[in-house]
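Next come the chains, spelled out residue by residue.
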Amino acid sequence: MKSPDRLLIVDDVPDNLFLVRTILEEEGYEIIAASNGYEALKIIESDPIDLVLLDVMMPLMDGYEVTRRIRAIKDLPFIPILLITAYDRANAVKGLDLGADEFIRKPIEADELLARVRSLLRLKHSIAERDRIDRQRQDFVSRLTHDLRTPLVAADRMLGLLQDGVLGEISPQIGEALTIMGRSNRNLLEMVNKLLDVYRYESGSKTINLQPLNVQELLEQVVEELKPIAISKNLALTADLEQTATVKGDRLELLRVFNNLIGNALKFTEEGKVHVSLKLAQNEAHQSEAIIAITDTGAGIPIDEQPFLFQRFRQGSHQKQGSGLGLYLSHYIITAHDGKILVKSPNLDSQQGSTFFVHLPII
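A few points on the structure. (Residues numbered from 1 in each chain as written. Predicted model: local features only at pLDDT ≥ 70, side-chain atom pairs only at ≥ 80, totals over all residues. Heavy atoms only, no water.)

Focus on helix 7 (residues 215-232)
Logical step 1: Helix length check: helix 7, at 18 residues, gives a terminal C-alpha distance of 26 Å against a target of 26 Å (1.5 Å per residue), a fit within 8%.
Logical step 2: Bending of helix 7 peaks at approximately 40° at the position of leucine 226, with proline proline 228 no more than four residues after it.
Logical step 3: Listed in full, the buried residues belonging to helix 7 are Val215, Gln216, Leu218, Leu219, Val222, Val223, Leu226 and Ala230.
Logical step 4: Buried residues along helix 7 sit against strand 6 (211-214), strand 7 (236-240), strand 8 (246-249), helix 8 (251-267), strand 9 (273-282) and strand 10 (288-296).
Logical step 5: Looking one or two places after helix 7, you find asparagine 234, whose phi comes out positive at around 60°. (Helix = DSSP H or I, 4+ residues; strand = E, 2+ residues; numbered from the N terminus. Expected span 1.5 Å × (residues − 1). Bend = angle between axes of the 7 residues up to and from the residue. Buried < 20%, exposed > 50% of the residue type's maximum accessible area, 1.4 Å probe, protein only. Contact = heavy atoms within 4.5 Å.)

As structure tokens, then:
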């Protein structure tokens, strides 16, 4: 059977404690009592509590301060706070601003008290259930992607050995088939790696190594590495990187972002060019920032697709193969660097391509 909800009542007046306790115990709740804020905080930090009923007017530490301290406890599961006050509405609103969820006026009426308690407990349990499902989902995907990586990496290495003839000579037809298999396996491995990183960012478990980086050098490296793709498609890959800027960032993560953005520009451009530029500017808060622009002459992005461009698994109406995770992950990475990523693209019919902007604060 489900254990009863545990309610903590905090009041320095014994008669008030007795009254509220009697009403709630008759409803089957498990009651814990505290006579001051310090005692209440110790209980909350040591025992699982489902709801706190908190008197506002107490010596040593009033209910406002207790509320503020409860909400300041890191990694504490959500606990609804019901303020009990004899003050006017304006003072009760102060408690709501500090993190309380509801208030009830003295003298307390049993029906009103029980209704507010039931309402807050429903809120507590719905949030707890949502968090439980979210943890299960993240754990499932994390385990799934981790378990998928192992056989995919093994298959990639085995296919490499076969292609190199280590296990015996192969015919041209088999070699071509192995090439296709290897490409498909690497695409799947890349998608699994992206999915794993997405959930690491979403769960807050992803660690980024921030250090001073020269953005100009970073972009030059990416442009040089992607030039063979441009040449194979008869595209011009140009860069205007005369200015230099130093940002605080994770080199590998920013390389991933720029590889993705410039790679996408090349992927979705059939003729013309892709241009990368770096400029320095001040934002609205008068802070210096580096603005990296990647412009292509592709078909552009439809207006109705642009608001959803950085959502996961959103691939747009194009026919190109992709996981729909690249821009979503890029958005997470740039946000983790206190920057922002934007897109500007005219209507699809204008054939003027798209420009992606990355804003990064300069140190």
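Details of the side chain of aspartate 250
Logical step 1: Following the sequence through the fold, aspartate 250 ends up in the loop between strand 8 and helix 8.
Logical step 2: Within the structure, the side chain of aspartate 250 is placed 2.7 Å from the backbone nitrogen of asparagine 209, a separation counted as a polar contact. (Polar contact = N/O pair within 3.5 Å; in protein donor to acceptor, adjacent residues only side chain to side chain.)

Some thoughts on the sheet that holds strand 12 (residues 355-361)
Paired through their backbone hydrogen bonds, the strands of a sheet run either parallel or antiparallel.
Logical step 1: One open sheet holds the five strands; their spatial order is 7-9-10-12-11, and the pairing between them is mixed. The outermost strands of the open sheet, each flanked by one partner alone, are strand 7 and strand 11 (340-344). The mean inter-strand angle of the sheet, taken between neighbouring strand axes irrespective of direction, is 15°.
Logical step 2: Bridge count between strand 10 and strand 12: seven bridges; the pairing is antiparallel. Among the inter-strand pairings, threonine 295 is bridged to a residue of strand 12, identified as threonine 355. (Pairing = 2+ DSSP bridges. Axes fitted to C-alpha atoms, helices over the stretch in contact; angles between N-to-C directions.)

Description of a negative patch on the surface
Logical step 1: A cluster of acidic residues, Glu217, Glu220, Asp240 and Glu242, forms a negative patch on the protein surface.
Logical step 2: Residue position: aspartate 240 is located in strand 7.
Logical step 3: With a relative accessible area of 34%, aspartate 240 lands in the partly exposed category. (Patch = residues over 30% accessible without salt bridge, like charges linked within 9 Å, V, L, I, M, F, W, Y side chains within 5 Å. Areas by Shrake-Rupley, 256 points an atom, 1.4 Å probe, with all protein chains shown as cover. Salt bridge = Lys/Arg side-chain N within 4 Å of Asp/Glu carboxyl O. Lys, Arg positive; Asp, Glu negative; His and termini not counted. Charge placed at Lys NZ, Arg CZ, Asp CG, Glu CD.)

Thoughts on unusual backbone geometry
Logical step 1: A cis amide bond links lysine 106 to the next residue, proline 107, at an omega of 0°.
Logical step 2: Of note, proline 107 is situated in the loop between strand 5 (102-105) and helix 5 (110-163).
Logical step 3: Phi is positive for asparagine 234, close to 60°, though the residue is something other than glycine.
Logical step 4: Given a relative accessible area of 71%, asparagine 234 falls into the exposed group.
Logical step 5: We note that histidine 286 has phi near 65°; this positive angle belongs to a residue other than glycine.
Logical step 6: Looking at the secondary structure, you find histidine 286 in the loop between strand 9 and strand 10.
Logical step 7: We classify histidine 286 as exposed; its relative accessible area is 62%.

What to know about the sheet that holds strand 4 (residues 81-85)
Logical step 1: Pairing is parallel across the open sheet formed by five strands, whose spatial order is 2-1-3-4-5. Strands at the two margins of the open sheet, each flanked by one partner only, are strand 2 (30-34) and strand 5. Within this sheet the neighbouring strands show an average axis-to-axis angle of 20°, counted without direction.
Logical step 2: Judged from the four bridges that link them, strand 1 (residues 6-10) and strand 3 (residues 51-55) form a sheet pairing that is parallel. When the sheet's bridge partners are listed, leucine 8 is paired in strand 3 with valine 52.
Logical step 3: In this fold helix 2 (residues 37-46) packs onto strand 1, strand 2 and strand 3, with an angle of close to 135° to the strand it touches most, strand 2.

With respect to the pattern of salt bridges
Logical step 1: For the coordinates displayed, the defined rule picks out 12 salt bridges.
Logical step 2: For aspartate 131, the salt bridge identified is with arginine 130, shortest N-O distance 3.0 Å.
Logical step 3: The class for aspartate 131 is partly exposed, based on a relative accessible area of 29%.
Logical step 4: A network of salt bridges, in which partner residues are shared, links Glu65, Arg68 and Arg69.

Here's the deal with the packing of aromatic side chains
Pairs of aromatic rings are described using the distance from one ring centre to the other and the angle between the two planes.
Logical step 1: In the structure shown here, the tally under the stated rule is two aromatic pairs.
Logical step 2: Taking 5.4 Å as the distance between ring centres and 80° as the angle between the ring planes, the aromatic pair formed by tyrosine 328 and tyrosine 332 counts as edge-to-face. Residue tyrosine 328 and its partner tyrosine 332 are both found in helix 9 (residues 326-336); the two are separated by four residues, about one turn of the helix.
Logical step 3: Classification of tyrosine 328 as buried rests on a relative accessible area of 11%. (Phe/Tyr/Trp six-rings, centres within 6.5 Å; stacked < 30°, edge-to-face > 60°.)

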